[in-house]
Structure formats: structure tokens, C-alpha cells
Amino acid sequence: MNLTKIKQTVDFLILKGFVECENAVILGTGLGSLVDAVEHKISIPYSQIPHFPISTVETHSGNLILGNIEGVKVLVFQGRFHFYEGYSMQQVVFPVHIMKFLGIKNLLISNAAGAINLGFKKGSLMLIKDHINLFPKHPLVGPNKDEIGVRFPDMSSAYNSHFNEILTTVAKNLKIPLEKGVYISAQGPMLETPSEYRMLRRFGADAVGMSTIPEVIAANHAGIKCCALSVLTDECDPDDLKPIDIQEIITIAKKAEKKLVLLVKEFFKSIA
Ligand code: HPA
């Protein structure tokens with residue numbers, strides 16, 4: 001998406017009152033109910049925002065919301081765009097580019113992922129400490145958008161260590177067990193074969209999913225500090241792999257969502 005379109009969208013949102021906010025969150029599969037914790041909100045369906053792609057996944061309702069979480073102003077992207085839906089990487093990271101020009105400094109991303117580390121159980125939460133990008137494309141290819149960031153962005157600390165410490169402390173205080181691990185991307189939409197899960201584990205991954213990495217790359221490019229949490233929805237044991245039931249994944253995500261919402265609320269309170 002070119003800068004002119006990005007700025008047209010930003011101008012539209014500023015006129016609608018999406019101003020003076022430094023914090024944002026992108027909500028993943030089955031994880032949209034954080035919006036219930038948002039007070040004094042303004043909300044616009046993605047379909048009414050100029051140039052905004054429209055989410056095609058039924059489990060994602062696409063809305064952009066601005067309001068207060070625990071008294072802290074947060075911009076909430078309820079619903080994201082996946083590469084497997086057919087969007088270009090530029091469309092996938094459009095929300096991050098919008099954030100940049102709206103003045104967002106801090107970003108938390110959530111997703112649903114499969115547990116490759118067999119010590120991690122479904123229904124638990126994982127802090128992403130690093131990632132391995134296996135998408136066949138990524139968002140920074142092409143002429144660099146100098147107004148957004150540098151040509152060769154550093155990725156040595158893509159997941160902000162201060163934010164990771166805060167999430168760790170907050171989880172401990174709330175007595176929510178929080179795994180930590182490496183997230184690896186799969187293009188999707190199909191899930192993995194047993195041999196693929198085995199390979200991903202050998203690569204050094206703890207969890208696999210179909211999102212998040214493009215947004216994290218774009219956020220690092222844009223100088224937006226970010227962190228990410230996965231809800232582990234299935235156990236990917238190559239020697240005992242059960243057929244995946246997408247309904248079960250959504251049910252497990254929904255159950256774990258309560259913990260996630262508590263964690264996210266306390267996170268924003270702590271960084272304020
Ligand atoms: N693989 C890829 N993406 C996923 C999985 C998985 O096992 N579970 C949830 N999202």
C-alpha cells in the first residue's frame with residue numbers, strides 16, 4: 001500500500017477522533033473479547049475505513065476501536081489480515097503502517113498457535129521471545145518507505161525485552177502460568193503434517209502459527225516497540241497427531257481468552 005493511501009486513511013481516522021494514543025493491540029483468532037474491557041470507546045468497522053482490507057475469516061470481526069483499558073488509552077484492532085486469505089504482505093501490515101502515522105509507540109499482538117514444544121499444553125499462554133520467519137514473502141521487499149523506517153531494520157531484539165519483563169511479572173502476580181518460546185510461521189491455511197511439525201521443532205520453534213510475524217517485522221521497521229502472546233490451541237506431537245478440529249481450536253482459544261484479557265489489561269496499566 002503506498003504512502004498516499006496510508007496517509008488518506010490516517011487523515012480519515014484523525015477526523016473521526018482517533019488521536020492522542022500511544023498504545024495498540026492486534027487481536028487474533030477467538031481473542032476479540034478484550035473489547036468488552038474497553039471503556040468510552042469509538043468504533044468503526046474496517047469496511048467503513050478507506051483502503052482498509054476486509055477480514056474474510058468468520059472468527060474475526062473487523063473493527064477499529066479507540067478507548068480506555070484500565071484508564072489507559074489503547075487503539076484496538078479487532079481482527080487481522082492473514083496472508084493465507086490472499087492479501088499481499090503490504091495489506092497484511094497496513095494496520096501497522098496506520099499506527100505509525102497515528103503516533104503509536106507500543107504494540108501488543110495476540111494469536112492462536114500450535115504447541116510444538118511438547119512440554120507446553122493446549123490452553124496455556126506463551127510469550128513470544130523470538131521468531132523464525134518462514135513466510136514465502138515479507139512486507140519490506142520493494143522500495144523502502146523512508147518515512148516509516150530504514151532500509152535494513154535491526155531484528156536483534158524484535159520482541160521488546162522491557163515489555164517481556166513486564167508481561168512476565170504481571171503473569172506471575174496474576175498467577176497465570178506463562179510459557180516462553182520461539183514462534184515459527186506457517187503460510188497456511190492448511191495445518192502441518194507430522195513430518196512438518198517434527199521439522200519445525202528441529203528448527204528450534206516452540207509454537208507455530210499463520211500470523212504475527214509480518215506485523216512484528218513492520219513494527220520493528222517503523223520503530224514501534226512490540227511484544228506478542230500466543231494462546232496454544234493444539235498439541236503438535238508428530239508421533240501422536242490427532243486430526244485438527246478448528247471448532248475445538250476456537251473453543252480452546254475462547255477459554256484461554258479470559259487469562260489473556262487479564263494479562264493484557266494489567267500490561268497496559270503497567271506501561272502507562
Ligand atoms: N499450525 C499452524 N497454525 C496454527 C496451529 C497449528 O498447529 N494451531 C493454531 N494455529
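Structural data are supplied above this passage.
In what follows, the accompanying structure is described.

As for a nonpolar patch on the surface
Reasoning step 1: On the surface, Leu134, Met199 and Phe203 cluster together into a nonpolar patch covering about 260 Å² of accessible area.
Reasoning step 2: Take Phe203: it is sitting in helix α5 (residues 194–203).
Reasoning step 3: Taking the relative accessible area as the measure of exposure, Phe203 reaches 44% and is therefore partly exposed.

Details of the side chain of Thr233
Reasoning step 1: Structurally, Thr233 is set in strand β9 (residues 225–235).
Reasoning step 2: When its relative accessible area of 3% is taken as the criterion, Thr233 is described as buried.
Reasoning step 3: Here the side chain of Thr233 touches Asp234 through a polar contact of 2.9 Å, side chain to side chain.
Reasoning step 4: With near-sequence residues (within four places) excluded, Thr233 lies in contact with Ala112, Ala113, Lys122, Ile249, Ile252 and Ala253.

Some details on helix α6 (residues 213–221)
Reasoning step 1: Burial of α6 is extensive: nine of the nine residues sit out of reach of the surface.
Reasoning step 2: Of the residues making up α6, those classed as buried are Ile213, Pro214, Glu215, Val216, Ile217, Ala218, Ala219, Asn220 and His221.
Reasoning step 3: One or two steps after α6, the chain reaches Gly223, where phi turns positive at roughly 75 degrees.

Regarding the site of the ligand
Reasoning step 1: Residues in contact with the ligand, as listed here, are Ala112, Ala113, Gly114, Leu191, Glu192, Tyr197, Val208, Gly209, Met210, Thr233, Asp234 and Cys236.
Reasoning step 2: Within the side chain of Tyr197, an N or O atom sits 2.7 Å from an oxygen atom of the ligand.
Reasoning step 3: Within the side chain of Asp234, an N or O atom sits 2.7 Å from a nitrogen atom of the ligand.
Reasoning step 4: When isolated, the ligand has an accessible area of 260 Å², and the protein chains bury 95% of it.
Reasoning step 5: Broken down by secondary-structure element, the contributors of at least two residues to the shell around the ligand are β5 (106–115), β8 (207–209) and β9.
Reasoning step 6: It is β5 that contributes the most residues to the shell around the ligand, three residues altogether.
Reasoning step 7: For the shell around the ligand, the class distribution of residues is seven nonpolar, three polar and two charged.

Rules and cut-offs
- Residues numbered from 1 in each chain as written.
- Predicted model: local features only at pLDDT ≥ 70, side-chain atom pairs only at ≥ 80, totals over all residues.
- Heavy atoms only, no water.
- Patch = residues over 30% accessible without salt bridge, like charges linked within 9 Å, V, L, I, M, F, W, Y side chains within 5 Å.
- Areas by Shrake-Rupley, 256 points an atom, 1.4 Å probe, with all protein chains shown as cover.
- Salt bridge = Lys/Arg side-chain N within 4 Å of Asp/Glu carboxyl O.
- Helix = DSSP H or I, 4+ residues; strand = E, 2+ residues; numbered from the N terminus.
- Buried < 20%, exposed > 50% of the residue type's maximum accessible area, 1.4 Å probe, protein only.
- Polar contact = N/O pair within 3.5 Å; in protein donor to acceptor, adjacent residues only side chain to side chain.
- Contact = heavy atoms within 4.5 Å.
- Near = heavy atom within 4 Å.
- Nonpolar A, V, L, I, M, F, W, Y, C, P; charged D, E, K, R; others polar.

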